[in-house]
Each structure stands twice: as structure tokens, then as C-alpha cells.
Amino acid sequence: MTTVGFIGLGIMGGPMAANLASAGYDVIGYNRSRPAIDKLVEQGGRAADSIGAAVRDADIVVSMLPDSPDVAEVALGEDGVLANAKDNLLYIDCSTIRPDTSRTVAEQASPRGVRVLDAPVSGGEQGAIDGALSIMVGGADADFAAAEPVLNTVGKTVVHVGPAGAGQTVKAANQLIVAGTLELVAEAIVFLEAHGVDTEAAVKVLSGGLAGNAILDRKGTAMLARQFNPGFRLELHHKDLGIVQAAARDAGVTIPLGSAVSQLVAALVARGDGALDHSGLLKLVEELSGRADQ
Ligand code: NAD
């Protein structure tokens, strides 16, 4: 039986770890706060009370953590993944972080005999629950092949996109597209409402044409109902748009629409709305249009 150490059992990591346990993997989970660990145990996993306890006996370690400093600490820290890894461990980081942090982890892991993949995901909480994530993977060919059974358990579209860090670069592009589309869907909804159009009918017909997109399909109804419980928090998307902007600058690429939506997301986070779902962009569009109380 393959033992998988799983670190970070939040909105995404919790259901991913549970799906691995259901598929027959021996999953040993660690999270900073205890309730998430207890939940995994109820779902067929085992509890670890430290990173070391999750990693020591693992053949594969998966992490699903918020941000680059979290991954740096968990992977490279004194009692972290590399410090506790058995020889030839396969370490798959599914967090969305800076490409250069992924490359640093891979570089430091190699001399210790640890194989590393960056494997950020897209598909949201529902995709994690359904085991239907889209996963973009950076790293060596042989390590990708070794990781495929695990990744295919939590994902439906699993693609090797290049060497270490490449998965994160593709994920940054994903976050640019998602933020821009969310903003345009939010603007369209406020626009339609201001014209007194039946928005449910409008969303239905828009979904079938060239304007159709996954945001409209999956978030349209909640946006019309002003339900902004996460899902994907604005503060995480703010982090991701920082990654996108830095990476665009590194490549000498201009992203005018991406920069505009970055500022709108930053404004929502700055005023205290960071815990809302990213579809909360709609609130700001309404306020900028003087329609918040309608
Ligand atoms: P989350 O905050 O719900 O989960 C992160 C978990 O990591 C928390 O349970 C936290 O307690 C734990 N954690 C933090 N630091 C830790 C540490 N040092 N040791 C152990 N546990 C620690 O976040 P999430 O929504 O699950 O997102 C995780 C990652 O996945 C982020 O990088 C995010 O950008 C990305 N992502 C999220 C979604 C989504 O829809 N939520 C979709 C795709 C990608």
C-alpha cells in the first residue's frame, strides 16, 4: 500500500486527501489546526501531529498550503518535508505559489534524493470534492509518470507542462483569465440589472453563445443571489494576481486588463472583504455604479 503524507487539509486539501483515502491510499494528514485532521480521520485517513509524523514513513507527500512562505517553511524548514524525507520521496506541492519558490524547493530537494513536482490545481472546492481538478504539473518526466496515479485520483485533466516551476506559470495564466472573466461577468450582471432585464433568462442565453464561460455557468446563480461565501477567497486571488504581475514583469509582458482587475481585488481585500469568494468583485462594481442599495 502506498503511504501518502498530506499537509494542509483546508478547503481544497481536505477533500483531496479524503479522495485519496477512499481510493485505497494510506493517507496520513497534518494541518495547522486540529479539526481538519479529525475530519480526515473520520473519512478514512490517519492523523499526524507534526509535519515529521506525516512525512517520515511516506512514499509520497502532497502539500496544499496557502502561499509561498508557507510552502518554503513546510518544505525547507528545520523539521520540514526535506528534513524528514525518506530516500527517493516523491513530493508533490499542489499549492498555488511563486514559480521561483517551486524551483528553489526542487533545487534544494535534489541533493537530498527527494523528487519534486509543482502541481497547482484549478476547479475549486467542488472540483476537489468531485476528484475532477485540472492539474498543471512542472518537473521531470519520470517524476510526473510516478505521480500520475495519485494525481489522476484527485484530478480529471492532468497535464505535464514543463520543468520545475512551469506548473506555477500555467496556474498564474489560469488566475489571470479567471479574474478577468469574473470581473466582466460581474459588470455584465450589474449592467443587465440596471436595464431591468430578466437576468436569469439573460444568463441562460449568454451561456449558450460565444460569451458562455465556466464562471457564468458555475458562479452566475450565486452572483445573482449575492451569495459570496467561499469557494475561493479574494485574499487568495489577491496573492495570485501578485504572482501574475511579478511574472509578467519578469517576462517583459504587459497585462493592462490583468492589472486593472488586480487593483479591484486589492481594494476589496484592503477594505476587509478578503474572506469573501472572488465573485465578490460584483459588490465593488455595484458600489462604483452607485447601485449598492438597489
Ligand atoms: P485553506 O486556507 O482553506 O487551506 C490551507 C490549509 O493549510 C489550512 O487548513 C491551514 O490550516 C493549513 N496550513 C497553513 N499553514 C500550514 C502549516 N505551516 N502547516 C500545516 N498546515 C498549514 O486554502 P485553500 O482554499 O485550500 O487553498 C490552498 C491552496 O490551493 C492555495 O494556494 C490556493 O491558492 C490554491 N487553490 C485554491 C482553490 C479554491 O477554490 N479554494 C482553487 C485552486 C487552488
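Residues numbered from 1 in each chain as written. Predicted model: local features only at pLDDT ≥ 70, side-chain atom pairs only at ≥ 80, totals over all residues. Heavy atoms only, no water.

Enquirer: Outline empty space enclosed by the protein, supporting the account with residue identities and numerical values.
Expert: Using the criterion set out here, one finds two cavities of 30 Å³ or more in the structure. Of the pockets and cavities examined, the largest cavity occupies roughly 40 Å³. Residue assignment for the lining of the largest cavity shows that the elements contributing at least two residues are helix H6 (99-109) and strand E6 (115-118). Considering every element that reaches the lining of the largest cavity, the biggest residue donor is E6, with three residues. The residue inventory of the lining of the largest cavity, partitioned by class, reads five nonpolar, one polar and two charged. Size it by volume and the second largest cavity reaches roughly 30 Å³. In terms of lining residues, the second largest cavity is bounded by Thr-96, Ile-97, Gln-168, Lys-171, Ala-172, Gln-175, Asp-240, Ile-243 and Val-244. Contributing elements (two or more residues each) for the lining of the second largest cavity: helix H9 (166-194) and helix H12 (234-251). (1 Å grid on protein atoms, 1.4 Å probe; cavity = no way out; pocket = protein on both sides within 12 Å on 5 of 7 lines; lining within 4 Å. Points joined across faces, edges and corners; volume = space filled by probe spheres on them. Helix = DSSP H or I, 4+ residues; strand = E, 2+ residues; numbered from the N terminus. Nonpolar A, V, L, I, M, F, W, Y, C, P; charged D, E, K, R; others polar.)

Enquirer: With reference to specific residues and values, describe the site of the ligand.
Expert: Every one of the 26 residues lining the ligand counts as a neighbour, but Ile-11, Met-12, Asn-31, Pro-66 and Lys-239 are closest to it. Side-chain polar atom of Asn-31 to an oxygen atom of the ligand: 2.8 Å apart, as the coordinates give it. For the ligand, an oxygen atom lies 3.0 Å from a polar atom in the backbone of Leu-65. Burial of the ligand by the protein amounts to 92% of the accessible area it has alone, namely 830 Å². Counting residues per element, the ones that place at least two in the shell around the ligand are helix H4 (68-76), helix H7 (124-130) and H12. Across the shell around the ligand, the residue classes tally to 12 nonpolar, eight polar and six charged. Both domain 1 (3-163) and domain 2 (169-288) contribute no fewer than three residues apiece to the shell around the ligand. (Near = heavy atom within 4 Å. Polar contact = N/O pair within 3.5 Å; in protein donor to acceptor, adjacent residues only side chain to side chain. Areas by Shrake-Rupley, 256 points an atom, 1.4 Å probe, with all protein chains shown as cover. Domains from an automatic or database assignment.)

Enquirer: A description of the side chain of Asn-19 should follow, citing residues and the corresponding values.
Expert: One can find Asn-19 in helix H1 (residues 13-22). Classification of Asn-19 as buried rests on a relative accessible area of 19%. Each residue touching Asn-19, except ones within four places of it in the same chain, is listed here: Ala-128, Ile-129, Asp-130, Gly-131 and Thr-153. (Buried < 20%, exposed > 50% of the residue type's maximum accessible area, 1.4 Å probe, protein only. Contact = heavy atoms within 4.5 Å.)

Enquirer: Please give an account of H6 that cites residues and values.
Expert: For H6, every residue scored as buried is listed here: Pro-99, Thr-101, Ser-102, Val-105, Ala-106 and Ala-109. Buried residues of H6, seen end-on, are gathered within an arc of 165° and therefore sit on one face of the element. Contacts made by the buried residues of H6 are with H4, helix H5 (81-84), strand E5 (90-93), E6, H9 and H12. (Arc of directions from axis to C-beta.)

Enquirer: Can you tell me about the UniProt feature "domain: 3-hydroxyisobutyrate dehydrogenase-like NAD-binding" (unreviewed entry) in the protein chain, naming the residues and giving the values?
Expert: The UniProt record annotates "domain: 3-hydroxyisobutyrate dehydrogenase-like NAD-binding" (unreviewed entry) at residues 165-284. Segment residues 165-284 splits into 72% helix and 0% strand. End C-alpha atoms: 33 Å apart. (UniProt positions renumbered as here; feature names shortened; annotations may be inferred.)

Enquirer: Report on the pairing of strand E4 (residues 60-63), specifying residues and quantitative values.
Expert: Burial of E4 is two-sided: the residues Ile-60 and Val-62 facing one way and the residues Val-61 and Ser-63 facing the other way are all buried. The pairing of strand E1 (residues 3-7) with E4 spans four bridges and is parallel. Note on E4: the bridge partner recorded for Gly-5 is Val-61. (Pairing = 2+ DSSP bridges.)

Enquirer: Please provide a residue-by-residue account of H9, values included.
Expert: Note: α-helices contain 3.6 residues per turn, so residues at a spacing of three or four share the same orientation. A rise of 1.5 Å per residue sets the reference length of H9, with its 29 residues, at 42 Å; its end C-alpha atoms lie 43 Å apart and thus fit the reference within 8%. Trailing H9 by a residue or two, Gly-196 shows a phi angle of about 70°, which is positive. (Expected span 1.5 Å × (residues − 1).)

Enquirer: Give a detailed account of the nonpolar core, specifying residues and quantitative values.
Expert: Of all hydrophobic cores here, the largest spans 55 residues; its most connected members are Phe-6, Ile-7, Met-16, Val-81, Tyr-91, Ile-92 and Ile-135. Sorting elements by how many residues they give to this core places helix H8 (residues 141-154) first, with five residues. Ignoring anything within four residues of it in the chain, the contact list for Ile-7 reads Tyr-30, Ile-51, Ala-54, Val-55, Val-61, Val-62, Ser-63, Met-64, Leu-65, Val-74 and Val-81. Counting residues in hydrophobic clusters, the runner-up holds 22 residues, among them Ile-189, Val-203, Ile-215 and Leu-241. (Core = buried A, V, L, I, M, F, W, Y, C linked by side-chain atoms within 4.5 Å.)

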